[in-house]
Amino acid sequence: MENKQGSSNPKKEAMGSWPPPVDDEFIGSQESEYDGYSPPSKRICYNAVNGNTNQNNCAWSHDTDWLQWDKDEVAERLNQAGLMDVAAVFKKECIVGEILPRIKDKHLDEMGIRPLGNKLRVQKFIEDVTRQTLQKDLRNKVFNDPIHGHIELHPLCVKIIDTPEFQRLRFLKQLGTCYFVYPGASHNRFEHSLGVCHLAGRLVRALQNRQPELKITDTDILCVEIAGLCHDLGHGPFSHLFDGKFIPAVLPNSEWKHEEASTNMFNYLVRENSLEPEFDKYGLTEQDRVFIKEQIAGPSKPDQENWTLEGRPKDKSFLYEVVANKRNGIDVDKWDYFARDCHMLGIRNNFDHDRCIHFSRVLLVEGKLQICYRYKEVGNLYDMFHTRQTLHRRAYQHKTTNIIEKMVTEALVKANDHIKFTGEDGKKLKMSESIHDMKAFSQMTDHVFNLILNSTEADLRESREILKKVLRRELYKCVGQTQTKDKILKEGDKPQMVREVIEKMDKDELECSPLTEDSIDIQLVNLDYGMKEKNPIDSVRFYSKDRPDVAVQIRKEQESSFIPGHFKEQQIRIYSKQVDPRSLEMVRKAFNSWCNDKNFPAPKGGDENSLELTPVEKGKASNSSNDTEGSDGHHRGESAKVKIDF
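Residues numbered from 1 in each chain as written. Predicted model: local features only at pLDDT ≥ 70, side-chain atom pairs only at ≥ 80, totals over all residues. Heavy atoms only, no water.

### Considering unusual backbone geometry
The phi torsion of most residues other than glycine is negative, and most of the peptide bonds are trans.
Okay, step 1: Look at Cys-94: it is not a glycine, yet its phi comes out positive at around 60 degrees.
Okay, step 2: Positive phi values are uncommon outside glycine, yet Lys-215 reaches one of about 55 degrees.
Okay, step 3: With respect to the helices and strands, the residue Lys-215 is situated in the loop between helix H8 (189-210) and helix H9 (218-230).
Okay, step 4: Here Lys-215 falls in the exposed class, since its relative accessible area comes to 63%. (Helix = DSSP H or I, 4+ residues; strand = E, 2+ residues; numbered from the N terminus. Buried < 20%, exposed > 50% of the residue type's maximum accessible area, 1.4 Å probe, protein only.)

Laid out in structure tokens, this is it:
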């Protein structure tokens, strides 16, 4: 190729029309669009960048002058990384160091490097090489995360992390009382927040690299990263127990949610730690801080015709889908906690968020820009929502997790009037009052459990006894479980349900029993794909390899017949606080009778519950597809049914 003067340019020679221009303003690197591949023993030397010259921790040389590499040096480095075939192509195309960060998927395709595995290796090579300069310039801090490996965070993010308000997240269990059931669920909101920050940056950088026409700026990326970092600042003790159980119990008419507290805590954190100059230092304005808070709270109506959000204009509406996606629930918050929770719980995760990052694009859908995915990722996204349902069924809504959550909530409610925290004006505030005072709220962590447990105050005796029962495993007993059919019950229906169960008990027997309405607890467990009865994939749009700029909808019948036809189910569980055998039997029989009257399935756990199975007759093939007669003259389908009790 010739330059404008007609002379040969060795940096661009033989590269065709595709090479991106190299300008004087380029500093640092572009992050790989997919970093699921890590070449063995070819890792970046983070220690060398930060001044540690320990050679045992460094596989790459300390040379960060990749901008000066000629085509031979680039080829040699590729050979060292085990990419001999790519090295030959790059050398032929005269690829030099300063061009490396601007090489994208389409450029690799045009050079004939098409297998996905090869492209991933090349992208990882470029990322490892160029990231050294980025680290040196920005002084990013590196965290070793068990889920995402070595992650780098912007200096402003580090300033936020190094505050008492953010460090408080170290003392909030990610899964609350689930730790009492799964010993591995000991992780906290702190590490989850770092992971969300990392994934948010990866996703937006991938979009920036892939679609320059979106005009995503570095400031946009930093704002999204900070939103991911701070999105959980407002969680209370035991995470969702606080805003989902405790607050509704003590403030029945309150609509307070932890997202509201997160935005308030963000304001308090910035003010209390005098971080305004740090935001100014990196070019973040008051409007950018508004944008950060809007992402944390989540736009209530992402599809509204009249754009009312102030942080970013409508042509950047897709940025609001990264941290908290109200359109379809596909966001980096879930990507991190699915991977992290599955890892800590020991539950298999079949969802691959790396593929979603690699195959994401922003497209115009009905006049609105939204994040879309390659059509072949529809199965991966169904796996994501199935993983969500699995985690709720097996861990978050586990019958023992739920009853411990109930008991801890009862203890906190009884202690609410007797545990006080100092607010901004010096006033002592109850836990339920602290939600509107960030100084008081910042003092509340999971330590309230031990605060009650180790107290000697008479006012906390009832709460103390409940928590001791939790530690002794003297839990309320789950007597039975069924599920609704067509009708979805509401929380307000539970008192009437308890009364109806009590009415099914023998009156004379009830008079001699310690059972009362307060002795019975009914829990409604809703399991879904995140959008109640709706299929969230119906709100996702996809593109094809041949038409990457056209967004289409993929119906579930186009994907697989194994996809569920219903996306929500409700389970009904009944617990007894009286755990003597006689009381448990009374509740079990009454619940079985109540389920029968309501035409609900026979509950698990009841003596009258049974599975009706057709036994295989001796000497008959179990896999026969014919309805042959047995020796007794009966058709196999008419064999006697056997009750198997739980």
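Alright, that's what it looks like, and here's the rest.
### What about the packing of H8 against H9?
Okay, step 1: The contact between H8 and H9 brings their axes to 7 Å, and the two run at 155 degrees. By the angle class used here, H8 and H9 are roughly antiparallel. Like other packed secondary-structure pairs, H8 and H9 cross with a definite hand, here right-handed. Residues Ser-193, Leu-194, Val-196, Cys-197, Ala-200, Gly-201, Val-204, Arg-205 and Gln-208 of H8 form the contact with H9, whose participating residues are Asp-218, Ile-221, Val-224, Glu-225, Gly-228 and Leu-229.
Okay, step 2: In the contact of H8 with H9, the residues fall into eight nonpolar, four polar and three charged. (Axes fitted to C-alpha atoms, helices over the stretch in contact; angles between N-to-C directions. Parallel < 35°, antiparallel > 145°, perpendicular 65-115°, else oblique. Left-handed = near helix turned anticlockwise from the far one by under 90°. Contact = heavy atoms within 4.5 Å. Nonpolar A, V, L, I, M, F, W, Y, C, P; charged D, E, K, R; others polar.)

### Description of a negative patch on the surface
Okay, step 1: A cluster of acidic residues, Asp-506, Asp-508, Glu-509 and Glu-511, forms a negative patch on the protein surface.
Okay, step 2: Following the sequence through the fold, Glu-509 ends up in helix H22 (residues 507-511). (Patch = residues over 30% accessible without salt bridge, like charges linked within 9 Å, V, L, I, M, F, W, Y side chains within 5 Å. Areas by Shrake-Rupley, 256 points an atom, 1.4 Å probe, with all protein chains shown as cover. Salt bridge = Lys/Arg side-chain N within 4 Å of Asp/Glu carboxyl O. Lys, Arg positive; Asp, Glu negative; His and termini not counted. Charge placed at Lys NZ, Arg CZ, Asp CG, Glu CD.)

### Section: the side chain of Ser-262
Okay, step 1: Position of Ser-262 relative to the elements: it lies in helix H11 (residues 258-272).
Okay, step 2: Setting aside chain neighbours within four positions, we find Ser-262 in contact with Cys-230, His-231, Asp-232, Leu-233, Gly-234 and Ile-296.

### Details of helix H20 (residues 461-472)
Okay, step 1: Spanning 12 residues, H20 covers 16 Å between terminal C-alpha atoms, matching the ideal 16 Å at 1.5 Å per step.
Okay, step 2: What H20 keeps buried is the set Ser-463, Arg-464, Ile-466, Leu-467 and Val-470. For H20, the arc enclosing every buried residue in end-on projection is 160 degrees, short of the 170-degree limit, so these residues lie on one face.
Okay, step 3: Close packing links the buried residues of H20 with helix H17 (399-415) and helix H19 (448-453). (Expected span 1.5 Å × (residues − 1). Arc of directions from axis to C-beta.)

### Regarding the sheet that holds strand E8 (residues 520-528)
Okay, step 1: With antiparallel pairing, three strands are arranged side by side in an open sheet as E7-E10-E8. In this open sheet, the two strands that pair with only one neighbour each are strand E7 (477-483) and E8. Adjacent strand axes in the sheet meet at a mean angle of 25 degrees when their direction is disregarded.
Okay, step 2: Relative to strand E10 (residues 568-576), E8 is paired through nine bridges, and the arrangement is antiparallel. Paired with Ile-520 across the strands is Ser-576, a residue of E10.
Okay, step 3: Taken strand by strand, helix H21 (residues 494-503) contacts E8 and E10, and its axis lies near 125 degrees from that of E8. (Pairing = 2+ DSSP bridges.)

### Some words on the side chain of Gln-523
Okay, step 1: Assignment of secondary structure puts Gln-523 in strand E8.
Okay, step 2: For Gln-523, the side chain forms a polar contact with the side chain of Asn-402, separated by 3.4 Å.
Okay, step 3: Within polar-contact distance, the side chain of Gln-523 engages the side chain of Asp-521 at 3.3 Å.
Okay, step 4: If near-sequence neighbours (up to four positions away) are discounted, Gln-523 is found in contact with Asn-402, Ile-403, Lys-406, Lys-494, Gln-571, Ile-572, Arg-573 and Tyr-575. (Polar contact = N/O pair within 3.5 Å; in protein donor to acceptor, adjacent residues only side chain to side chain.)

### Points about the pairing of E7
Okay, step 1: With five of seven residues buried, E7 lies mostly within the body of the structure.
Okay, step 2: As paired elements, E7 and E10 share six bridges and run antiparallel to each other. The partner of Gln-483 across the bridge, within E10, is Gln-571.

### Concerning the pattern of salt bridges
Working definition: two side chains of opposite charge can pair if their charged atoms are close together.
Okay, step 1: In the structure shown here, the tally under the stated rule is 28 salt bridges.
Okay, step 2: For Arg-77, the salt bridge identified is with Glu-73, shortest N-O distance 2.9 Å. Separated by four residues within a single helix, Arg-77 and Glu-73 lie in helix H2 (residues 71-80), roughly one turn from each other.
Okay, step 3: For Arg-77, a relative accessible area of 8% translates into the label buried.
Okay, step 4: The partner of Asp-220 in a salt bridge is Lys-316, and the shortest N-O contact between them spans 2.5 Å. Separated by 96 residues along the polypeptide, Asp-220 in helix H9 and Lys-316 in the loop between helix H13 (286-297) and helix H14 (332-345) bring together distant segments of the chain. For the pair shown, Asp-220 and Lys-316 are each scored as buried.

### Observations concerning the environment of Ile-488
Okay, step 1: Within the secondary structure layout, Ile-488 lies in the loop between E7 and H21.
Okay, step 2: Here Ile-488 falls in the partly exposed class, since its relative accessible area comes to 28%.
Okay, step 3: Counting along the chain gives 36 residues from Ile-488 to Leu-524, while the straight-line C-alpha distance between them is 9.4 Å.
Okay, step 4: Those residues within four positions of Ile-488 in sequence are excluded, and the remaining contacts are Asn-526, Glu-533, Lys-568 and Gln-570.

### Re H14
Okay, step 1: Here H14 spans 20 Å end to end across 14 residues, near enough to the 20 Å set by a 1.5 Å rise per residue.
Okay, step 2: In terms of burial, H14 is largely enclosed, as 12 of its 14 residues are buried.
Okay, step 3: Residues Val-332, Asp-333, Lys-334, Trp-335, Asp-336, Tyr-337, Phe-338, Ala-339, Arg-340, Asp-341, Cys-342 and Leu-345 constitute the buried set of H14.
Okay, step 4: Tucked into the core, H14 has its buried residues touching strand E1 (141-145), H8, helix H15 (353-358), strand E4 (368-374) and helix H16 (378-396).
Okay, step 5: Positioned one or two residues after H14, Gly-346 has a phi angle of 80 degrees, which is positive.

### Overview of the environment of Met-84
Okay, step 1: You can see Met-84 is positioned in helix H3 (residues 84-92).
Okay, step 2: Taking relative accessible area as the criterion, Met-84 reaches 49% and is therefore assigned partly exposed.
Okay, step 3: Ignoring sequence-local partners within four residues, the contact set of Met-84 consists of Leu-78 and Asn-79.

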